[in-house]
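Examination of the molecular architecture
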Number of protein chains: 6
Amino acid sequence: MTSPLSVENRRKLHAVSTATLTTVLFKRGLRNVFLQGPRRLNPGRTMVGEAFTLRYIPAREDIDRMEVFRDPEHPQRKGIESCPAGHVMVIDARGDASAASAGAILIARLMMRGAAGIVTDGGFRDSPEAATLDFPVYHVRPSAPTNLIHHHAADLQVPIACGRVPVYPGDIVVGDDEGVVVIPAHLADEVAEEAHEMTVYEDFVTERVLAGHTIVGLYPPTDQSNLAAFAAWRAERGR
Amino acid sequence: MTSPLSVENRRKLHAVSTATLTTVLFKRGLRNVFLQGPRRLNPGRTMVGEAFTLRYIPAREDIDRMEVFRDPEHPQRKGIESCPAGHVMVIDARGDASAASAGAILIARLMMRGAAGIVTDGGFRDSPEAATLDFPVYHVRPSAPTNLIHHHAADLQVPIACGRVPVYPGDIVVGDDEGVVVIPAHLADEVAEEAHEMTVYEDFVTERVLAGHTIVGLYPPTDQSNLAAFAAWRAERGR
Amino acid sequence: MTSPLSVENRRKLHAVSTATLTTVLFKRGLRNVFLQGPRRLNPGRTMVGEAFTLRYIPAREDIDRMEVFRDPEHPQRKGIESCPAGHVMVIDARGDASAASAGAILIARLMMRGAAGIVTDGGFRDSPEAATLDFPVYHVRPSAPTNLIHHHAADLQVPIACGRVPVYPGDIVVGDDEGVVVIPAHLADEVAEEAHEMTVYEDFVTERVLAGHTIVGLYPPTDQSNLAAFAAWRAERGR
Amino acid sequence: MTSPLSVENRRKLHAVSTATLTTVLFKRGLRNVFLQGPRRLNPGRTMVGEAFTLRYIPAREDIDRMEVFRDPEHPQRKGIESCPAGHVMVIDARGDASAASAGAILIARLMMRGAAGIVTDGGFRDSPEAATLDFPVYHVRPSAPTNLIHHHAADLQVPIACGRVPVYPGDIVVGDDEGVVVIPAHLADEVAEEAHEMTVYEDFVTERVLAGHTIVGLYPPTDQSNLAAFAAWRAERGR
Amino acid sequence: MTSPLSVENRRKLHAVSTATLTTVLFKRGLRNVFLQGPRRLNPGRTMVGEAFTLRYIPAREDIDRMEVFRDPEHPQRKGIESCPAGHVMVIDARGDASAASAGAILIARLMMRGAAGIVTDGGFRDSPEAATLDFPVYHVRPSAPTNLIHHHAADLQVPIACGRVPVYPGDIVVGDDEGVVVIPAHLADEVAEEAHEMTVYEDFVTERVLAGHTIVGLYPPTDQSNLAAFAAWRAERGR
Amino acid sequence: MTSPLSVENRRKLHAVSTATLTTVLFKRGLRNVFLQGPRRLNPGRTMVGEAFTLRYIPAREDIDRMEVFRDPEHPQRKGIESCPAGHVMVIDARGDASAASAGAILIARLMMRGAAGIVTDGGFRDSPEAATLDFPVYHVRPSAPTNLIHHHAADLQVPIACGRVPVYPGDIVVGDDEGVVVIPAHLADEVAEEAHEMTVYEDFVTERVLAGHTIVGLYPPTDQSNLAAFAAWRAERGR
């Protein structure tokens, strides 16, 4: 599997915000890219990786019994053991946090296998333990009830909904302390580059604003003198 | 594809209510079988048929454009043209009725092809026209916006959620003027039989109650004299 | 049990709307008297009667089994068999219509026993049959799943919430094709009288408006000439 | 005030569906034009007219007292008496149907003054009476509580939200038995024309489908022979 | 009142997670034991105690006036002064956090009286102050409005709903930083013991997983060698 | 613009809680003064200031394009540059946090211009950065998507809804770590004074309760001896 993202651009994505990414994608006509609901359990380093998807449907009492986890081919367990390093496991839990999408043991295993993070539009259990891991975890709210009470793992690596956003396997998933954005794979490189440029300018703007400058003419830069000042500022910092 | 249901039991299911079916399934430990949300657009004859599933995820602006419907392999269009006679098309619209799951033309085509009905946990457009068809249609509420605005047809014949209930291809879907129940395929015959028996008894009870009889001892029949009376009543009517 | 309502005022309440009652109660500082959610299953004659309350809590699997209905002291069954004639059974279902509050057989029994109506902020099952009864029935939406799946009948005749409104046993419950209003018992007589008066005036206003009259000065009657015209109109009709 | 719509195109809009209009607007990049929530209280003739807006905010107990309606300048009452003939009153009730947006007397007055209809994303009171008027009325659900309990009429003829859709004064509001669509004024004529053309084709498609024709190649018309058949069909009918 | 729980098992419950408890209860057929909504205001030590229940219904303006708190028999105030030491006050606020269930002064009094904690499915006021108490407090969100605005304390020690879960007086309520679980009294001892055993095994699993071990065969332990390793691990630690 | 609030009373409001303010306003018949939803992004010093309002309606794709921000008269940008020092910007986002109400750059500019705080019933973007500012910020949840995706800034300084509460320009907005209360301008002084008095008494009560005193007779003070003790306590502390 080749990545839709160059090493350089992956690095750039680690240094831009999800807010900036929504603007860059909006300019390309994409309005629905930020997961509605999931938030970072354990604020920290940015998450960037290809989407590896897991789909849940509602549980059925005669199918979803404790015994199913004894089967290594059970999609939830198989997903944890097969998600490639550098990828983000994204779970379609139908926005249902009334039972857990997974718990701290599975999340720890995913971390140990080198995944880049895990996201659900439901909730994780053992959330206090999961919060202590150095691993990006996003969910809607803590949910102690064991997975099988309301979820059935249906399949892996199909297009899904998560937080009301479409997620295709291989899309680039970026998460910061604000939330999670999904970038269509074919746009990943150009979005990373434009977001990087925008971030440099916004750092300049922030510095100006905190020094007392008006936003008029500066944000957006309708006044040419601001663009000149920016060019100088940027050159000075070698960005 | 052989049906999980005998001809005789299919006939029986046409004459029982969804309410009775939930009781029969509850006795087998199944609590989540009635679709929450979808209601009958056009009250009328009972719907019985195997589930034929269609799954939607949220639309993405660069993928879901008007042109996609020109492709006969588009899952929504292909589903309409391939759903077997006697089956019920069940759509997982993620409970989202803000754009249409389908419209009157597709529903009419499905009817003409011999399907048994159509169900979504979203909404249909052209609902006033669809309501005039002699064909069971269930949705949550009318929804004029064209499908592509919020939905992307992802695949056919996979297990789905509809109205927060799991639906597997081939399950038996029964609908009356109250709503829709999904019967796991492997239970279809026994459930049909037990529901039929229960219906006969409840017809007897209703007649008694409307004649002024107390429900105590009658419903449920804890008083043996009621069972004797029922036996006589049933014999008399040849049921 | 003596009624908080005179025979004459009970008659008056049968001829006023729930809309008018909310205005009369608002003038007395009561803003939360209209049940939010429940609607009439079977439009028809007005419902007026004292509240007889039944309270549900969520079901628990080890307690709420089919066998409980064999006990004539089960609060749901006991309520049906003990609700006084002329009273309205009001059920606190916590706004949860995912399982039935009751079904057509129990509703028919309640009707035969002379009750004035039944109201839940959940849903009833067998709703197509219940809709054929000449008996006022209010619920939020049809709900086929058998009661025990999500409800446990906890007790009778305690103060409850229904449709986010407080209901005390003995309050006067009035329902029309718009919905249900609860009148505190101690206000029932005065509210009935004022609502009757207001209704006569509004009938006059409606007639005027449909004849092309402006509402300015008429509704409310800030122009004295309208009050004079009303007096004449009323005298003429002997109201 | 000159209309954004020619007489001919107003006529055409009376004969197209809201579903078709959403498709025509989607082709122009407008995805959010169908009011989410409001439904027709009294199915019947199509509604077409310019938007005349009324905005509510939540009530405040010390301001919103019964006396306010004595003031003919109160925005709700003034709106009813000043909405131009042929216009549709559209009310922003913040999606709150817990108290009435208006009642049957005001609606009757609006009808008598020649308005084209009334729409709220809340609820109307006296809804059984309002339903008997030969006048298009759209709301979310019946709501008996008097307006002042939760609403304060803030102003007239400002841009508003209704059913989560932006509505600007003068936009063209079209309603059928499915719901309500808002057409930006500057697009009204071209949308009417295209929707008319699309409707003729869809009538042809419907006739074909009900005669047993597949939708493949017909809907959309990717097969040229269907376009030829359509041309003949149309010529024959003089449409 | 004798406790359903031995001293030893109460100690065990202090050292297991709510997540583990849901699994143990699920094995006994109980699926709805975790309160949906309430979260810990002030993360810290585990809460274990018998349920002492308080039930609210919606307020009524003529009953729920400031003066009611002058009555020491008012159920809210009486509950605070009579909840036994070691018990958890559990409030049924109908999931309504728009007005406070209680405030920091009452919570402090409950703490001083030796209660084990307080839980509501609404919100508490003075939440910043309450968060500083060394006392387990669970609510849905902060809610400044004074209790009487939307709540009426109806009664004490009746079965209630809290967070959509049934709670009977005397049930064992356990809370950790993830949320709250309710254990039916008659199951308390056996659940405590099984949860303790499960916790020891999961601690072993976590250690293994963080050391790089696969979950296959380990979680659940389908591979006998893992059980042998566990036995050795446990013996070594004297657990 | 003269303030409705004396300097002394503004100081007092900085030292009372929003909980206490709701009680003082409830005594005056005002029940709906606490914003439902918005919470403090960055706990810290109290916010007090006059309301400066900004109203959003839903975005329309042909109007709300990136270019609009180039116009210094755009209401959002103009509001940021014209909100008076000491005022609180309050945004009516219709409770919609699916796109941002504003971001960290605009919030920083508002802070630099001397405003007292910013509140929305939607969400802010760049929330991690905004949380680092020494400036009171209230929103419902983080929201990365750029403003124009779902919002259109319609106007400034009109009465609005925020968190389901009416907010008039010039009302006094008070925020603490619990949330935000709106005080009608004409009541600001008397409410500040009464809240101050109540706070002194509650500090006394808290001290007593934490020393083991019962709340009976103390809270509220129905026992005269408590009032005497309070008088002594207060005198001692010079409050």
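To be clear, the structure that these remarks concern was listed above.
Here is what the cut-offs are and how they apply
Residues numbered from 1 in each chain as written. Chains lettered and ligands numbered in written order. Predicted model: local features only at pLDDT ≥ 70, side-chain atom pairs only at ≥ 80, totals over all residues. Heavy atoms only, no water. Least-squares fit on C-alpha atoms with pLDDT ≥ 70 in both. Buried < 20%, exposed > 50% of the residue type's maximum accessible area, 1.4 Å probe, protein only. Helix = DSSP H or I, 4+ residues; strand = E, 2+ residues; numbered from the N terminus. Pairing = 2+ DSSP bridges. Contact = heavy atoms within 4.5 Å. Buried area = accessible area lost by both parts, 1.4 Å probe. Salt bridge = Lys/Arg side-chain N within 4 Å of Asp/Glu carboxyl O. Nonpolar A, V, L, I, M, F, W, Y, C, P; charged D, E, K, R; others polar. Polar contact = N/O pair within 3.5 Å; in protein donor to acceptor, adjacent residues only side chain to side chain. Right-handed = clockwise from strand over helix to strand, strands pointing away. 1 Å grid on protein atoms, 1.4 Å probe; cavity = no way out; pocket = protein on both sides within 12 Å on 5 of 7 lines; lining within 4 Å. Points joined across faces, edges and corners; volume = space filled by probe spheres on them. Lys, Arg positive; Asp, Glu negative; His and termini not counted.

Side note on the relation of the copies chain E and chain A
When chain E is fitted to chain A, the residual RMSD is 0.0 Å, and the transformation amounts to a turn of 120 degrees plus an axial shift of 0.0 Å. Between the two chains, the operation in question is that of a three-fold axis. Ranked by how close their C-alpha atoms come to the rotation axis, the residues of chain E are headed by E:Arg141, at 7.4 Å.

Section: the pairing of strand 10 (residues 180–183) of chain A
Every regular strand shows the same layout, with side chains that alternate between the two sheet faces. Residues and elements named next belong to chain A. Covered by surrounding structure in strand 10 are Val180 and Val182 together with Val181 and Ile183, the residues of both alternating faces. Here strand 9 (residues 172–175) pairs with strand 10 via four bridges, running antiparallel. Bridging across to strand 10, isoleucine 172 finds its partner in isoleucine 183. Hairpin connection from strand 9 to strand 10: four residues lie between these consecutive antiparallel strands, with glycine 179 at a positive phi of about 160 degrees.

Topic: the interface of chain B and chain C
Contact residues are listed per partner, giving 29 residues for chain B and 31 residues for chain C. Carbon and sulfur atoms supply 64% of the area buried between chain B and chain C, which totals about 2,500 Å² over both sides. Here chain B is connected to chain C by zero salt bridges. At the level of elements, helix 2 (18–27) and helix 6 (188–210) of chain B are the ones that each hand at least two residues to the side of chain B that touches chain C. For the side of chain B that touches chain C, the element with the highest residue contribution is helix 2 of chain B, accounting for seven residues. Counted by class, the side of chain B that touches chain C contains eleven nonpolar, twelve polar and six charged residues.

With respect to the interface of chain E and chain A
Contact with chain E, which involves 28 residues of that partner, is made by 31 residues of chain A. When chain E packs against chain A, close to 2,500 Å² is buried across both sides, 64% of that on carbon and sulfur atoms. Our count for the contact surface shared by chain E and chain A stands at zero salt bridges. Between the two partners, chain E and chain A, sit 15 residue pairs in polar contact (both at pLDDT 80 or more). With seven residues, helix 2 (residues 18–27) of chain E is the largest single contributor of residues to the side of chain E that touches chain A.

What about the pairing of strand 2 (residues 47–58) of chain D?
All names here are of chain D. Burial of strand 2 is extensive: twelve of the twelve residues sit out of reach of the surface. Summarising the sheet, strand 2 and strand 9 (residues 172–175) pair through four bridges and their orientation is antiparallel. Note that in strand 9 the partner of valine 48 across the bridge is valine 174. The pairing of strand 2 with strand 3 (residues 87–92) spans six bridges and is classified as parallel. By the bridge assignment for strand 3, glutamate 50 is matched with histidine 87. As a crossover connection, the stretch from strand 2 through helix 3 (residues 75–82) into strand 3 is right-handed.

Quick notes on empty space enclosed by the protein
By the definition in use, this model includes 16 cavities of 30 Å³ or more. In terms of lining residues, the largest cavity is bounded by A:Ile215, A:Val216, A:Gly217, A:Tyr219, A:Pro220, A:Thr222, F:Phe69, F:Arg70, F:Asp71, F:Pro72, F:Arg77 and F:Glu81. Looking at the lining of the largest cavity, its residues break down into six nonpolar, two polar and four charged.

What about the side chain of D:Asp126?
Mapping D:Asp126 onto the fold places it in the loop between strand 4 (117–120) and helix 5 (127–130). Comment: no salt bridge for buried D:Asp126; closest opposite-charge side chain is D:Arg125, at 4.9 Å. Within the structure, the side chain of D:Asp126 is placed 3.0 Å from the backbone nitrogen of D:Ala104, a separation counted as a polar contact. Contacts of D:Asp126, omitting those with residues within four sequence positions, involve C:Ser17, C:Ala19, C:Glu178, D:Gly103, D:Ala104 and D:Ile105.

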